[in-house]
Amino acid sequence: MRKYIVKRLLLSVMILFCVSFIIYTLMRCLPGSFVETRAMQLSQGAGAKSYDEWMEQLNASYGLDKPIVLGFVTWAGDALKGNFGDSWKYTVPVLDKFKEVIWLSFVMGAISFVLQLIIAIPLGVVAATKQYSRADYLITAGALMGISLPTFFFATLLKLLFSVKLGWFDLYGLVGRNYAQLDSWGQLMDKANHLVLPIITLVIVSVGSLMRYTRTNMLEVLNADYIRTARAKGLSEKKVIYHHAFRNTLIPLVTVVGGSLPGLFSGALITETLFAIPGIGYTSYQAMVSGDIPFSMFYMTFLAILTLAGNLISDILYAVVDPRVRIA
């Protein structure tokens, strides 16, 4: 196992280097950027330099006048030292802005992730044990609706019903108008109130796939030979399902859950943007729209690291929970 982990880590470093170079190249090749917008603004002042002069000066300041390969080597060298530069849009160090917004996205992701597990796994087991029953059809239909509904459409429906029609929640934002006048508990509850609809959106659009995955694996296990043997021995149906079948169903589920854990830190770009929640997803979206290369580079590299870490965690967990797996 130790050799396997070391081998995977070395391979992950190589993949991360290649992915980072591709991301940097794409960012440098974008048709518009913060530099062009800023140069246009500065050139319009009275007695200001021309647009081309400002472009040359700003490109030199941000290192964009170097060839792509040399620019990437410079960026990678600084990144290894923990220096990702200053955000062009937010005018603060990239890491400072990241630390400011990441924990809000983590709280949203963690709560929605726990709710997904609580809802999806039991319902998937029920659907499998009651195959072709009314409960199975209802659960399957609900799962397919959750998978099929686009995030922006479902979020808009929630806002229309609970914000516009009923007035229970604000349309967007993290805090209300009277947030400053509230005490500490009131401020906490005000933020929690604003996170209800975004978390519901994340749960509904994500729970369907996990539910279907649980049902499919549970059905496969229930049709196995050892389950028929357990029933032939006279074991109760409850013990067959929850002691034998469900424990083996958890093996592939653990790998899915392990691969989902890094997603807790990646943020929900669409959901946060729709509800104007200032998490890492919304912040990165604003940075990308404005052509903020330093922050966008850091965020996409961060996503690449999370993806590689998720794959490694899934492989390790599979070997841990399934003694039949032996990694050479």
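What you are looking at is a predicted structure, and each value in this text was computed from that prediction instead of being measured.

1. Overview of a negative patch on the surface
Step number 1: On the surface, Asp52, Glu53, Glu56 and Asp65 cluster together to form a negatively charged patch.
Step number 2: As for its placement among the helices and strands, aspartate 52 is situated in helix H3 (residues 51–62).

2. Section: the nonpolar core
Step number 1: Judged by nonpolar contacts, the single largest core of 30 residues is most densely connected at Trp75, Ile280 and Met297.
Step number 2: Taken together, the elements giving at least two residues each to this core come down to helix H1 (2–28), helix H2 (34–43), H3, helix H4 (68–80), helix H5 (94–129), helix H12 (280–289) and helix H13 (293–321).
Step number 3: A total of seven residues in this core trace back to one element, the largest contributor, which is H13.
Step number 4: Ignoring anything within four residues of it in the chain, the contact list for methionine 297 reads Ser20, Ile23, Tyr24, Met27 and Trp75.
Step number 5: One finds Leu158, Ile199, Val203 and Ile277 within the second-largest nonpolar core, a separate group that totals 15 residues.

3. Thoughts on empty space enclosed by the protein
Step number 1: One pass over the full model with this rule turns up two cavities of 30 Å³ or more.
Step number 2: If you add up the space inside the largest cavity, you get close to 40 Å³.
Step number 3: The wall of the largest cavity is formed by Phe169, Asp170, Leu171, Tyr172, Gly173, Asn193, His194, Leu197, Pro198 and Phe275.
Step number 4: Examining the composition of the lining of the largest cavity, we find that four residues originate from one element, helix H8 (residues 184–222), more than from any other.
Step number 5: When grouped by side-chain class, the residues that make up the lining of the largest cavity number six nonpolar, three polar and one charged.
Step number 6: Looking at the second largest cavity, its volume works out to about 30 Å³.
Step number 7: As for the second largest cavity, its lining consists of Ile139, Thr140, Ala143, Met211, Arg212 and Arg215.
Step number 8: Elements with a contribution of two residues or more to the lining of the second largest cavity: helix H6 (134–148) and H8.
Step number 9: Here the residues of the lining of the second largest cavity sort into three nonpolar, one polar and two charged.

Conventions adopted
Residues numbered from 1 in each chain as written. Predicted model: local features only at pLDDT ≥ 70, side-chain atom pairs only at ≥ 80, totals over all residues. Heavy atoms only, no water. Patch = residues over 30% accessible without salt bridge, like charges linked within 9 Å, V, L, I, M, F, W, Y side chains within 5 Å. Areas by Shrake-Rupley, 256 points an atom, 1.4 Å probe, with all protein chains shown as cover. Salt bridge = Lys/Arg side-chain N within 4 Å of Asp/Glu carboxyl O. Lys, Arg positive; Asp, Glu negative; His and termini not counted. Charge placed at Lys NZ, Arg CZ, Asp CG, Glu CD. Helix = DSSP H or I, 4+ residues; strand = E, 2+ residues; numbered from the N terminus. Core = buried A, V, L, I, M, F, W, Y, C linked by side-chain atoms within 4.5 Å. Buried < 20%, exposed > 50% of the residue type's maximum accessible area, 1.4 Å probe, protein only. Contact = heavy atoms within 4.5 Å. 1 Å grid on protein atoms, 1.4 Å probe; cavity = no way out; pocket = protein on both sides within 12 Å on 5 of 7 lines; lining within 4 Å. Points joined across faces, edges and corners; volume = space filled by probe spheres on them. Nonpolar A, V, L, I, M, F, W, Y, C, P; charged D, E, K, R; others polar.

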